[in-house]
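Chain by chain, the residues run as shown.
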Amino acid sequence: MANFEQKDQQKRALVRKFEVQRKFLKAVTQNQSLPQSLRYDYFLKLQKLSKKTSAVQVVNRCVFSHRSRGTLRKFKLSRIWLRELLAQGNLTHTTKSSW
């Protein structure tokens, strides 16, 4: 489990480091008012950046179990932990629905 946490933290730090640079390069490449050659040059610079610096590479994980699948963004919990905490009544302003 510790290995997942360490890798996740490294990925997030790398994405955070290159976030501004990536956004700038993407904005320049998508700006239609700039000349085509300039946009193409910045597109090539964007392509040279590592794939690991993309925000898509970051995976949302459960805070408790570090499970990657079935994680709800709003709660940052996996579906299993969310159900368990709702059944216990430990999440405020939420109730387990039953009919």
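Here the structure is shown first, and the text comes after it.
Read on for a plain summary of the structure. (Residues numbered from 1 in each chain as written. Predicted model: local features only at pLDDT ≥ 70, side-chain atom pairs only at ≥ 80, totals over all residues. Heavy atoms only, no water.)

## A short note on the overall build of the protein chain
A count of helical and extended segments in the protein chain gives three helices and two strands. Listing each helix as α and each strand as β along the protein chain from the N terminus yields α-α-β-β-α. Taking 13 Å as the expected radius of gyration for a compact globule of 99 residues, we find that the protein chain reaches 20 Å, considerably beyond that expectation. Dimensions of the protein chain, computed from the C-alpha atoms along their principal axes, are close to 60 × 35 × 20 Å. Counting across all 99 residues of the protein chain, residues that qualify as buried make up 20%. Relative to all contacts within the protein chain whose residues are 6 or more apart in sequence, the contacts with residues 24 or more apart total 32%. A total accessible area of about 8300 Å² is found for the protein chain, and carbon and sulfur atoms account for 54% of it. Taking the average place of the 22 positive charges on the side chains of the protein chain and the average place of its 5 negative ones, the gap between the two points comes to 5 Å. (Helix = DSSP H or I, 4+ residues; strand = E, 2+ residues; numbered from the N terminus. Rg over C-alpha atoms; globule rule 2.2 N^0.38 Å. Buried < 20%, exposed > 50% of the residue type's maximum accessible area, 1.4 Å probe, protein only. Contact = heavy atoms within 4.5 Å. Areas by Shrake-Rupley, 256 points an atom, 1.4 Å probe, with all protein chains shown as cover. Lys, Arg positive; Asp, Glu negative; His and termini not counted. Charge placed at Lys NZ, Arg CZ, Asp CG, Glu CD.)

## Things to note about a nonpolar patch on the surface
A cluster of nonpolar side chains, namely Tyr40, Phe43 and Leu44, defines an oily patch on the protein surface of about 280 Å² accessible area. Secondary-structure assignment places Leu44 in helix H2 (residues 36-48). Take Leu44: its relative accessible area is 35%, and that puts it in the partly exposed class. (Patch = residues over 30% accessible without salt bridge, like charges linked within 9 Å, V, L, I, M, F, W, Y side chains within 5 Å. Salt bridge = Lys/Arg side-chain N within 4 Å of Asp/Glu carboxyl O.)

## Points about the nonpolar core
The biggest cluster of nonpolar side chains holds five residues, and these are Cys62, Leu77, Leu82, Leu85 and Leu91. Apart from the residues lying within four places of it in its own chain, the contact partners of Cys62 are Arg67, Thr71, Lys76, Leu77, Ser78 and Trp81. (Core = buried A, V, L, I, M, F, W, Y, C linked by side-chain atoms within 4.5 Å.)

## Some thoughts on a positive patch on the surface
Together, Lys7, Lys11, Lys51 and Lys52 give the surface a local cluster of positive charge. Mapped onto the elements of the fold, Lys52 is located in the loop between H2 and strand S1 (71-72). The exposure class of Lys52 is exposed, given its relative accessible area of 57%.

## Some points on the environment of Ser33
Structurally, the position occupied by Ser33 is in the loop between helix H1 (2-30) and H2. At 2.8 Å, the side chain of Ser33 and the side chain of Asn31 are in polar contact. (Polar contact = N/O pair within 3.5 Å; in protein donor to acceptor, adjacent residues only side chain to side chain.)

By themselves, these are just geometric observations and shouldn't be taken as functional.
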